[in-house]
Amino acid sequence: MPGRRWGPGWWWSATMGRHVAHGSAAMRAQLMLLDRNRRVVGLSARPVRVVWRDERSRVRSWIPQLFARYTDGTGLLADCPAAEDAGGVRAQHAQAVLDAACGLVGWQYRRLRRRMR
């Protein structure tokens, strides 16, 4: 719908040979870019929930928006914020946790921002 910032839908992935869900235009744009990357052999939306305890022992969780598997076996967990500050402090804390967790298994975590012209 015009004017909506949240635009769920499906992207037909040539890499996967099937549809991959997206929840926003920013997420769809990143799916399109990853789908064209020759090193990417797999794509998934909302692939995992990461759960941890914060410094006050409260249970926290985050679901990254995308996962990409590369030909060398490494992976990328990513979020696709529509704006630089999307998600606020909660997203910043999640980024620190996901950076550390991904590093332990040889993956990367990134916030893939849309490039504005």
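Rules used throughout
- Residues numbered from 1 in each chain as written.
- Predicted model: local features only at pLDDT ≥ 70, side-chain atom pairs only at ≥ 80, totals over all residues.
- Heavy atoms only, no water.
- Helix = DSSP H or I, 4+ residues; strand = E, 2+ residues; numbered from the N terminus.
- Buried < 20%, exposed > 50% of the residue type's maximum accessible area, 1.4 Å probe, protein only.
- Contact = heavy atoms within 4.5 Å.
- Areas by Shrake-Rupley, 256 points an atom, 1.4 Å probe, with all protein chains shown as cover.
- Pairing = 2+ DSSP bridges.
- Phe/Tyr/Trp six-rings, centres within 6.5 Å; stacked < 30°, edge-to-face > 60°.
- Lys NZ or Arg CZ within 6 Å of the ring centre and 35° of its normal.
- pLDDT = per-residue confidence, 0-100.
- Salt bridge = Lys/Arg side-chain N within 4 Å of Asp/Glu carboxyl O.

### Digging into the overall build of the chain
At step 1: Tallying secondary structure elements over the chain gives two helices and eight strands in all.
At step 2: Sequence-ordered secondary structure for the chain, helices as α and strands as β, is β-β-α-β-β-β-β-β-α-β.
At step 3: When burial is assessed residue by residue, the chain has 34% of its 117 residues classed as buried.
At step 4: The contacts of the chain with a sequence gap of at least 6 include a subset with a gap of at least 24, amounting to 48%.
At step 5: Total accessible area computed for the chain in this model is approximately 7800 Å², and 53% of it derives from carbon and sulfur atoms.

### A short note on unusual backbone geometry
Where the residue is not glycine, phi is negative for most of them; where a peptide bond is considered, it is trans in most cases.
At step 1: If you check the backbone angles, Arg 46 has positive phi at about 45 degrees while not being a glycine.
At step 2: When you line up the elements, Arg 46 lands in the loop between strand 3 (40-45) and strand 4 (50-53).
At step 3: Owing to a relative accessible area of 46%, Arg 46 belongs among the partly exposed residues under this scheme.
At step 4: Unusually for a residue other than glycine, Ser 57 sits at a positive phi of about 65 degrees.
At step 5: Residue placement: Ser 57 occurs in the loop between strand 4 and strand 5 (59-62).

### Remarks on the pairing of strand 4
At step 1: In strand 4, alternate side chains face the same way, and those of Val 50 and Trp 52 are buried while those of Val 51 and Arg 53 on the opposite face are not.
At step 2: If you look at the hairpin formed by strand 4 and strand 5, you'll find five residues sitting between the two strands, and Ser 57 has a positive phi there, around 65 degrees.

### Quick notes on the packing of aromatic side chains
At step 1: In the structure shown here, the tally under the stated rule is one aromatic pair.
At step 2: Ring centres of Phe 67 and Trp 107 lie 4.8 Å apart, and the angle between their planes is 50 degrees; on these two criteria the pair is classed as tilted. With Phe 67 in strand 6 (residues 66-70) and Trp 107 in the loop between helix 2 (88-105) and strand 8 (108-111), the pair connects residues that are 40 residues apart, well separated along the chain.
At step 3: What makes Phe 67 buried here is its relative accessible area of 12%.
At step 4: The lysine or arginine in question, Arg 39, covers the ring of Tyr 70, its NZ or CZ lying 4.5 Å from the ring centre.

### Points about the confidence of the model for the chain
At step 1: Confidence along the chain averages 87 in pLDDT terms, with 90% of residues attaining 70 or more.
At step 2: At the low end of the mean pLDDT range in the chain sits strand 1 (residues 9-13), at 88; at the high end sits strand 6, at 96.

### Describing the pattern of salt bridges
At step 1: In the structure shown here, the tally under the stated rule is two salt bridges.
At step 2: Between Arg 58 and Asp 54 there is a salt bridge, with its nearest N and O atoms 2.7 Å apart.
At step 3: Arg 60 is the salt-bridge partner of Asp 54, the closest N and O atoms lying 3.4 Å from each other.
At step 4: Residue classification places Asp 54 among the buried positions, given a relative accessible area of 13%.
At step 5: On the basis of relative accessibility, which here comes to 33%, the residue Arg 60 falls in the partly exposed class.
At step 6: Each of Asp 54, Arg 58 and Arg 60 takes part in salt bridges that share partners, so that together they form one network.

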